[in-house]
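# Observations on the three-dimensional arrangement
One-letter residues, chain by chain:
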Amino acid sequence: MSAPFEERSGVVPCGTPWGQWYQTLEEVFIEVQVPPGTRAQDIQCGLQSRHVALAVGGREILKGKLFDSTIADEGTWTLEDRKMVRIVLTKTKRDAANCWTSLLESEYAADPWVQDQMQRKLTLERFQKENPGFDFSGAEISGNYSKALALLKMTRLQHPSPSRDVFICLHLNISHCGPVQPIHTLCQNVCLVHFTQLL
């Protein structure tokens, strides 16, 4: 399980006129298609905590106030294969609750289905981060996971040191979880899902 979670599970991109953007718990990735043969000196890119600006050959492609704050000195951009600019921004708030619904405050919003998929992916990434012994890269969440997260948060407040392999979920159905096998499921609308490693 050495590859990053997003490499093993895939990403949920939000398409834009110039390319796409997607996110992980910690970072936001912006991929901008540029004319083939573009050189690094043709690119002007400005990255600040709440602003991004990108121009290629003097033509503005992207400019505006970001959806949320980032760590300015950790932002980077690269030119790949002389046809795509990749910008990587590090989120200031790095948790599943900080799911960006748009790239900029007023532009490039994900549609409701993409937002839902992004939130599910961040939730699984959070589970992976909190439980490194398990592989959640192939897991799927269905149902009302926002209520599940609220219940999980409430449970952790009541039991600050829960067993590492136990999750309490509301309307949560993990249909596949790699080399992990669910033992307990469903008790009315609340399920206690206990995972154990397969031998």
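Note that the structure is a prediction, hence the values are computed from the model and not measured.

## What to know about the overall build of the chain
Of regular secondary structure, the chain possesses three helices and 13 strands. Sequence separation of at least 24 residues holds for 56% of the intrachain contacts in the chain that already meet a minimum separation of 6. For the chain, the accessible area works out to roughly 10,700 Å², and carbon and sulfur atoms hold 53% of it.

## A short note on unusual backbone geometry
Excluding glycine, a negative phi dihedral is what most residues carry, and trans is how most peptide bonds are arranged. With phi around 55°, R82 is a residue other than glycine that occupies positive phi space. Of note, Y108 is a non-glycine position whose phi angle comes to about 60°, a positive value. With respect to the helices, strands and loops of the structure, Y108 is situated in the loop between β8 (84–90) and α2 (112–130).

## Thoughts on the packing of aromatic side chains
On inspection of all chains with the given rule, the structure shows three aromatic pairs. Between W18 and Y108 the ring centres are 5.2 Å apart and the planes differ by 75°, which places this aromatic pair in the edge-to-face class. Residue W18 is found in the loop between β1 (14–16) and β2 (19–23), and its partner Y108 is found in the loop between β8 and α2; the two are separated by 90 residues along the sequence. With respect to burial, W18 and Y108 carry one shared label: buried. When the ring of F67 is compared with that of W100, the centres are 6.0 Å apart and the planes differ by 45°; the resulting orientation is tilted. Separated by 33 residues along the polypeptide, F67 in the loop between β6 (59–65) and β7 (76–80) and W100 in the loop between β8 and α2 bring together distant segments of the chain. When its relative accessible area of 28% is taken as the criterion, F67 is described as partly exposed. Judged by relative accessible area, W100 falls into the buried class, the value being 0%.

## Digging into α2
For α2, with 19 residues, the first-to-last C-alpha span of 27 Å sits near the 27 Å given by 1.5 Å per residue. Listed as buried for α2 are V114, M118, Q119, R120, K121, L122, T123, L124, E125, R126, F127 and Q128. With a side-chain oxygen positioned 3.0 Å from the backbone nitrogen of W113, the residue opening α2 is D111.

Calculation criteria
Residues numbered from 1 in each chain as written. Predicted model: local features only at pLDDT ≥ 70, side-chain atom pairs only at ≥ 80, totals over all residues. Heavy atoms only, no water. Helix = DSSP H or I, 4+ residues; strand = E, 2+ residues; numbered from the N terminus. Contact = heavy atoms within 4.5 Å. Areas by Shrake-Rupley, 256 points an atom, 1.4 Å probe, with all protein chains shown as cover. Phe/Tyr/Trp six-rings, centres within 6.5 Å; stacked < 30°, edge-to-face > 60°. Buried < 20%, exposed > 50% of the residue type's maximum accessible area, 1.4 Å probe, protein only. Expected span 1.5 Å × (residues − 1). Polar contact = N/O pair within 3.5 Å; in protein donor to acceptor, adjacent residues only side chain to side chain.

In short, shape yes, function no, at least from these values alone.
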